[in-house]
Amino acid sequence: MTTVVCRCEDLTEEDIVEAIEEGYDELETLKRHLRLGMGPCQGKACLLLARRILRRETGKDVEEMKEPTARPPSRPVPFSLLASPDEGGEDDD
Amino acid sequence: MSERRIFEHPILDFDRGYEFYFDFEGKKIKAYEGETIASALYADGLRKFTESKKLERPRGFFCAIGKCSSCLMSVDGRPNIRTCVTLAEEGMEVERHGPKAEFPQTDVGRGGERKKEEIEIAVIGGGPAGLMASIVAARNGSEVHLFDEGDDLGGQLVKQTHQFFGSHQEDAGTRGIDIGKELLEEARDVGVEIHNGSKVLGYYPEKKITIESDGRLEIYDSQGIVYAGGAVENYLSFENNDLPGVYGAGGVQTLMNEEGIVPGEKVLMIGSGNVGLIVGYQLLQAGVNVVEIIEALPEIGGYQVHASKIRRAGVPIRASHTIKKAIGDEKVEGAVVQKIDENWNPVKGTEREVECDVICLAVGLSPDTGFLRQADCEMDYVPELGGFVPLRTEDMMTTQRGIYVAGDAAGIEEATVAALEGKIAGAAIYEELHEETEDTRRSKEEAKEGLDKMRKGPYGEVPKQGVKTCTVDEEVCG
């Protein structure tokens with residue numbers, strides 16, 4: 001029986017509950033421990049479900065469960081894009 | 001195998017381009033000009049697009065708008081291509097690579113030269129909020145650049161075949177798709193520079209944004225930003241919730257109303273809010289059987305007028321019901337639903353199997369605020385508006401001076417509200433960078449009156465309370 005919470009990182013409801021029992025009882029620590037929300041979609045589906053599980057398991061208010069830090073890039077990009085030369089500029093390799 | 005493409009539709013005309021073929025794992029797949037790889041494969045009957053990385057579960061078409069990770073395949077030797085937003089081309093070679101792609105064996109090329117430009121106003125998101133903000137700022141004389149990740153602008157309006165009613169007289173009786181087209185035309189007329197296919201990668205101080213467009217990096221230094229990035233669909237917990245055949249309502253709309261492909265034969269709809277009811281009706285219009293609509297709350301969430309249309313078509317709507325699991329190994333072959341009591345606990349002995357090949361989730365939306373969080377805009381949890389939303393002034397400025405927000409990203413309401421908020425944001429950002437004009441003053445006034453009207457009545461009270469709690473004075477802004 002599989003109920004998926006984070007599709008990108010393949011985390012199930014059981015994985016989250018187990019991690020909470022081990023003491024990872026915040027979104028930020030769950031993220032660091034399990035890579036929750038760190039896949040290609042950047043937490044678009046899983047954070048809501050993870051919050052519900054956290055609330056159920058710990059009794060915490062959703063209000064306290066701020067989203068983990070967001071950093072660019074917001075979506076996967078090829079290295080060639082980041083390493084691209086300036087317009088009209090010299091390529092420095 | 002029956003044809004999954006829609007050729008006759010009561011409202012939409014699918015103007016398909018020329019027919020061609022591409023290669024998928026040794027098989028010739030038919031596609032039409034303008035179709036994405038994922039759509040053509042879906043129309044051919046493919047359901048398993050990839051495999052998940054640890055549990056090795058089948059994953060299929062899901063978000064349809066380039067946000068999730070379920071459709072990554074190798075295209076002409078390049079791995080990890082989002083096939084739902086990549087157009088099919090004649091002779092292309094496509095194959096599945098599962099969760100772990102091999103290192104590319106072919107030369108995958110280099111990025112083009114990066115572009116750097118100083119601009120005045122950047123508007124992110126080309127839905128009703130972003131279009132309206134762009135129009136107002138541009139018609140007053142600002143140089144406005146509107147960025148949207150899709151090929152077609154209009155946001156979710158482009159999928160709305162139903163007529164809007166609401167109290168906003170201008171839009172009443174017009175179909176969403178037509179409102180979108182009109183706004184886009186107006187934006188072009190007033191000189192808004194439109195960048196489609198432009199995916200925002202990140203925010204950097206001071207008001208710098210990076211964009212990927214056509215394989216190229218673009219860096220824009222702006223003086224002001226209106227963020228109108230919309231919402232993401234909520235996902236739901238139940239056994240086998242990741243099987244191919246479980247889709248968000250937005251994915252179903254994209255496939256059906258933009259690509260002209262039916263998602264399946266028998267659909268179980270989860271959620272009876274306006275989205276569930278409207279998409280349910282759109283499925284019926286496309287000739288798909290909607291088996292039933294279930295709703296966890298004790299009563300229907302959406303407008304009665306939509307619910308009546310569904311009921312007249314013979315589709316049952318069952319309140320106080322939830323989905324327990326999806327049945328199937330490689331794809332959805334059915335579902336188990338059951339009754340729940342007032343405390344959301346399942347009622348024993350009420351489990352029932354439903355025959356379906358698609359489970360459509362219409363269980364709400366959440367504001368898409370990643371960009372605003374990158375910009376350090378202060379957020380607050382406002383359940384009435386769908387979750388965490390940015391604090392904002394009455395003029396729609398976030399706690400970061402010069403960064404404005406409008407539409408669903410500011411809180412989940414509907415398209416007319418989004419447009420009105422965009423109107424305010426567009427006028428306010430012009431005033432901040434220049435001065436008040438007769439038009440900006442009037443635009444703000446009219447839009448604020450319009451919002452007051454929209455937030456009255458039985459459906460308006462909830463968002464009204466929500467907006468109250470996250471509206472702040474300008475002194476709070478940095």
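Residues numbered from 1 in each chain as written. Chains lettered and ligands numbered in written order. Predicted model: local features only at pLDDT ≥ 70, side-chain atom pairs only at ≥ 80, totals over all residues.

Observations regarding the overall build of chain B
At step 1: The helix and strand inventory of chain B stands at 10 helices and 28 strands.
At step 2: Whereas a compact globule of 478 residues would reach a radius of gyration of roughly 23 Å, chain B reaches 23 Å, a difference of no more than 12%.
At step 3: The proportion of buried residues among the 478 residues of chain B is 51%. (Helix = DSSP H or I, 4+ residues; strand = E, 2+ residues; numbered from the N terminus. Rg over C-alpha atoms; globule rule 2.2 N^0.38 Å. Buried ≥ 20, exposed ≤ 12 C-beta atoms within 10 Å, placed from the backbone.)

What about the sheet that holds strand β6 (residues 78-82) of chain B?
Strand-to-strand pairing in sheets goes through backbone hydrogen bonds, with the strands running parallel or antiparallel.
All names here are of chain B.
At step 1: The sheet built from 5 strands is open, its strands ordered β2-β1-β7-β5-β6 with mixed pairing. The open sheet terminates on both sides in strands that have one partner only, identified here as β2 (27-32) and β6. Ignoring which end each strand starts from, the neighbouring axes of this sheet average 40° apart.
At step 2: In the sheet, strand β1 (residues 19-24) pairs with strand β7 (residues 93-95) via 2 bridges, with the strands oriented parallel. What sits directly across from Asp23, in β7, is Glu93. (Pairing = 2+ DSSP bridges. Axes fitted to C-alpha atoms, helices over the stretch in contact; angles between N-to-C directions.)

Some thoughts on the domain arrangement of chain B
As a measure of interface size, the accessible area lost when the parts come together is often cited.
At step 1: Here the domain parsing of chain B yields domain 1 (19-95), domain 2 (115-232 + 366-476) and domain 3 (246-363).
At step 2: Summarising the inter-unit geometry, the C-alpha centres of domain 2 of chain B and domain 3 of chain B are found 31 Å apart. (Domains from an automatic or database assignment.)

What to know about the confidence of the model for chain B
At step 1: Considering every residue of chain B, the mean pLDDT works out to 91; 96% of them sit at 70 or more.
At step 2: With a pTM of 0.91, the predicted complex shows an ipTM of 0.91. (pLDDT = per-residue confidence, 0-100.)

What about the interface of chain B and chain A?
At step 1: Chain B puts 44 residues into the contact, and the matching count from chain A is 38 residues.
At step 2: Those elements that provide at least two residues to the side of chain B that touches chain A are β8 (115-118), β12 (198-204), β13 (208-213), α7 (370-374) and β26 (379-382) of chain B.
At step 3: No other element matches β12 of chain B, which puts 5 residues into the side of chain B that touches chain A. (Contact = placed C-beta atoms within 7 Å.)

What to know about the confidence of the model for chain A
At step 1: Per-residue pLDDT for chain A has a mean of 88; in total, 95% of the residues score no lower than 70.
At step 2: The least confident element of chain A, judged by mean pLDDT, is helix α4 (residues 79-82) of chain A at 84; the most confident is helix α1 (residues 13-21) of chain A at 97.

What about the pairing of β2 of chain B?
Residues and elements named next belong to chain B.
At step 1: Pairing between β1 and β2: 6 bridges, direction antiparallel. What sits directly across from Phe20, in β2, is Ala31.
At step 2: The hairpin formed by β1 and β2 contains 2 residues between the paired strands, and Glu25 there has a positive phi angle of roughly 50°.

Observations concerning the packing of helix α2 (residues 128-139) of chain B against helix α3 (residues 176-189) of chain B
Residue and element names in this part refer to chain B.
At step 1: As a packed pair, α2 and α3 sit with axes 9 Å apart at the nearest point and diverge in direction by 30°. Comparing their axes, α3 and α2 come out roughly parallel. For the crossing formed where α2 meets α3, the hand is left-handed. Residues Pro128, Leu131, Met132, Ser134 and Ile135 of α2 form the contact with α3, whose participating residues are Leu183, Leu184, Glu186 and Ala187.
At step 2: Across the contact of α2 with α3, the residue classes break down as 7 nonpolar, 1 polar and 1 charged. (Parallel < 35°, antiparallel > 145°, perpendicular 65-115°, else oblique. Left-handed = near helix turned anticlockwise from the far one by under 90°. Nonpolar A, V, L, I, M, F, W, Y, C, P; charged D, E, K, R; others polar.)

Section: the pairing of strand β15 (residues 224-227) of chain B
Residues and elements named next belong to chain B.
At step 1: Every second residue of β15 is oriented toward a common face, with Gly224 and Val226 on one face and Ile225 and Tyr227 on the other, all of them buried.
At step 2: Direction of pairing for β15 relative to strand β28 (residues 403-405): parallel, over a ladder of 3 bridges. From the neighbouring strand, Tyr227 faces β28, where its bridge partner is Val405.

Considering helix α4 (residues 249-258) of chain B
All names here are of chain B.
At step 1: Of all 10 residues making up α4, 10 are buried, and the element is well covered by its neighbours.
At step 2: Buried within α4 we find Ala249, Gly250, Gly251, Val252, Gln253, Thr254, Leu255, Met256, Asn257 and Glu258.
At step 3: Buried positions along α4 lie against α1 (37-43), β16 (231-233), β17 (246-248), α5 (274-285) and β24 (358-361).
At step 4: Trailing α4 by a residue or two, Gly260 shows a phi angle of about 70°, which is positive.

Digging into unusual backbone geometry
At step 1: Here the amide bond leading from Pro72 of chain A into Pro73 of chain A is cis, since omega sits at -5°, within 30 degrees of zero.
At step 2: Relative to the elements of secondary structure, Pro73 of chain A occurs in the loop between α3 (46-58) and α4.
At step 3: That bond from Pro205 of chain B to Glu206 of chain B is cis: its omega, -15°, falls within 30 degrees of zero.
At step 4: On the secondary structure map, Glu206 of chain B appears in the loop between β12 and β13.
At step 5: The backbone of Glu56 of chain B shows a phi angle near 55°, a positive value even though the residue is not glycine.
At step 6: For Glu56 of chain B, a count of 10 C-beta atoms within 10 Å puts it in the exposed group.
At step 7: One non-glycine residue, Asp214 of chain B, adopts positive backbone phi at about 55°.
At step 8: Secondary-structure assignment places Asp214 of chain B in the loop between β13 and β14 (216-221).
At step 9: Overall, Asp214 of chain B belongs to the exposed group, with 8 C-beta atoms counted inside 10 Å.

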